[in-house]
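Each chain, letter by letter, is given below.
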Amino acid sequence: MKKLMVFLFAALFVVGSMADVIAATQYVTIGTGGVTGVYYPTGGAISKMVNKKRKEYNLRATVESTGGSVFNVNAIMVGDLEFGVVQSDRQYQAFNGTADWEGKPQTKLRAVFSIHPESVTLVAAADANVNSVADLKGKRVNIGNPGSGQRGNALDLLAAAGINYETDLKAEGIKAAESAGMLQDERIDAFFYTVGHPNGSVKEAVAGARKVNFVPIDKAIVDKLVAQFPYYAPSVIPVAMYPGVANKADVASFGVKATFVTSADVSDDIVYAITKEVFENFDDFKKLHPAYSTLSKASMLQGMSAPIHPGAMKYYKEAGLK
Ligand code: GLU
């Protein structure tokens, strides 16, 4: 009888600790964008950093391809995703309740860090003769799917150029990953993509048989947008990254930053662990994508408009970064 009791206690103990171990591993998902953009490999780079230490943190991060910034904010807010890569303008709009979130501020949105710069990139077929935004009139243009970041940038730019996207052009709302193929198949004349450079989508677009050019954005229009919106800044698209493109010189545009966000409902421990692993392994992280070439720890703390999550802030204070 005594032996049986000891055995039962031992068995209960084993089962109990196994349950503890299982319960202690926490899974988080990072929302990104199309697989040929920069967000998807960025989610991969962040998860790689934290998953190296998964035994220490009992944390496992996975990456999901999504429709982009707007989708990511909304999925984080309803708890379908814990983290997401989101354009800085979308972070601002969501937290302050403007644009797609007009009158509905997403007060639980939290910033973790900023990542690479993104340029509003207008890619056109050379045979469509689009050399300025005004030349888009009458053309078939992919302005981006509603869940994307670029759609809002395309709409802002078209409005600033005095183009009505509903009547002056044939607007498509298709995901960025399909743009290059559609341009090469002559199903569209141009597409918008707000993205870091270099990236797979734009490489795919310039590598086809149909010759392609990047459309420069007039300085007057960029100045107008920068004056109107706090989150826009002038930018330049480096043509050397895209052998085969028709442009001979770098192309003027405007842009935002990719940022990493979460919800106030995600625990401090999880956000701390991810922030710490990315910053403590900064040199390794920076090597993971050529679009990170201009990153510095200081630049990663700029461009956030939602409050910094307390888990991230704990690390920044410890590291003397804040
Ligand atoms: N900026 C795009 C968006 O917010 C995604 C770009 C990318 O996937 O690299 O939808």
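What comes next is a walk through the structure. Computed from a predicted structure; not experimentally measured. (Residues numbered from 1 in each chain as written. Predicted model: local features only at pLDDT ≥ 70, side-chain atom pairs only at ≥ 80, totals over all residues. Heavy atoms only, no water.)

A few words now on the overall build of the protein chain. Along its length, the protein chain carries twelve helices and ten strands. Dimensions of the protein chain, computed from the C-alpha atoms along their principal axes, are close to 90 × 40 × 35 Å. Here the protein chain, with 322 residues, has 51% of them falling under the buried criterion. Summarising the internal contacts of the protein chain: among those between residues at least 6 apart in sequence, 75% fall at separations of at least 24. Accessible area for the protein chain stands at about 14,300 Å²; split by element, carbon and sulfur atoms hold 56% of it. Charge centroids of the protein chain, computed over 33 positive and 31 negative side chains, lie 6 Å from each other. (Helix = DSSP H or I, 4+ residues; strand = E, 2+ residues; numbered from the N terminus. Buried < 20%, exposed > 50% of the residue type's maximum accessible area, 1.4 Å probe, protein only. Contact = heavy atoms within 4.5 Å. Areas by Shrake-Rupley, 256 points an atom, 1.4 Å probe, with all protein chains shown as cover. Lys, Arg positive; Asp, Glu negative; His and termini not counted. Charge placed at Lys NZ, Arg CZ, Asp CG, Glu CD.)

The next point concerns the side chain of T121. Mapped onto the secondary structure, T121 falls in strand β4 (residues 109–125). Relative accessible area serves as the criterion here: at 0%, T121 is assigned to the buried category. Setting aside its immediate chain neighbours within four residues, T121 contacts F191, F192, Y193, V195, H197, F214 and I237.

Turning our attention to the nonpolar core. Judged by nonpolar contacts, the single largest core of 50 residues is most densely connected at V123, L136, L157, F192, F214, L225 and F254. Listing elements by their share of this core, those giving two or more residues are β4, α6 (150–160), α7 (176–184), β7 (190–195), α8 (200–206), β8 (212–214), α9 (219–228) and β10 (251–263). A75, F83, V85 and Y272 belong to the second-largest nonpolar core, a separate cluster that totals 48 residues. (Core = buried A, V, L, I, M, F, W, Y, C linked by side-chain atoms within 4.5 Å.)

In this section: the environment of D265. Among the secondary structure elements, D265 is positioned in the loop between β10 and α10 (268–280). At 3.0 Å, the side chain of D265 forms a polar contact with the side chain of K108. (Polar contact = N/O pair within 3.5 Å; in protein donor to acceptor, adjacent residues only side chain to side chain.)

Within this structure, the stated rule accounts for 14 aromatic pairs. Relative to Y242, the ring of F214 has its centre 5.5 Å away and its plane inclined at 85°; by these criteria the two rings are edge-to-face. On the criterion of sequence distance, the pair formed by F214 in strand β8 and Y242 in the loop between β9 (233–237) and β10 is long-range, its members being 28 residues apart. Since its relative accessible area comes to 1%, F214 is described here as buried. Note on Y242: relative accessible area 0%, which makes it buried. Pairing F279 with Y316 gives two aromatic rings, centres 5.2 Å apart and planes at 75°, and the pair type is edge-to-face. Here F279, found in helix α10, pairs with Y316, found in helix α12 (residues 310–318); they are 37 residues apart in sequence, far enough to count as distant. Here F279 matches Y316 in class, with each residue buried. Taken together, the ring pairs connect F83, F113, F260, Y272, F279, Y315 and Y316 into an aromatic cluster. (Phe/Tyr/Trp six-rings, centres within 6.5 Å; stacked < 30°, edge-to-face > 60°.)

Let us now look at the pattern of salt bridges. Per the counting criterion, the structure on display carries nine salt bridges. Measuring nitrogen to oxygen at the nearest pair gives 2.9 Å for the salt bridge that ties D100 to R90. A residue pair is termed long-range when its members are at least 10 positions apart, and D100 in the loop between α5 (88–96) and β4 and R90 in helix α5 qualify at ten residues. Look at R90 and you get buried, because its relative accessible area is 2%. Note that D265 and K108 form a salt bridge whose closest N and O atoms lie 3.0 Å from each other. (Salt bridge = Lys/Arg side-chain N within 4 Å of Asp/Glu carboxyl O.)

Right, let's talk about unusual backbone geometry for a bit. The omega angle of the peptide bond from H197 to P198 is 0°, so this bond is cis rather than trans. With respect to the helices and strands, the residue P198 is situated in the loop between β7 and α8. With phi around 50°, A99 is a residue other than glycine that occupies positive phi space. With respect to the secondary-structure elements, A99 resides in the loop between α5 and β4. Judged by relative accessible area, which is 42%, A99 ranks as partly exposed.

Taken together, 13 residues lie around the ligand, and V38, S69, Q87, G149 and T194 are the ones closest in. A distance of 2.8 Å is found between an oxygen atom of the ligand and a backbone nitrogen or oxygen belonging to G149. Note that a nitrogen atom of the ligand is positioned 2.7 Å from one of the backbone N or O atoms of T194. The element best represented in the shell around the ligand is β7, accounting for three residues. Residue classes in the shell around the ligand are distributed as four nonpolar, eight polar and one charged. (Near = heavy atom within 4 Å. Nonpolar A, V, L, I, M, F, W, Y, C, P; charged D, E, K, R; others polar.)

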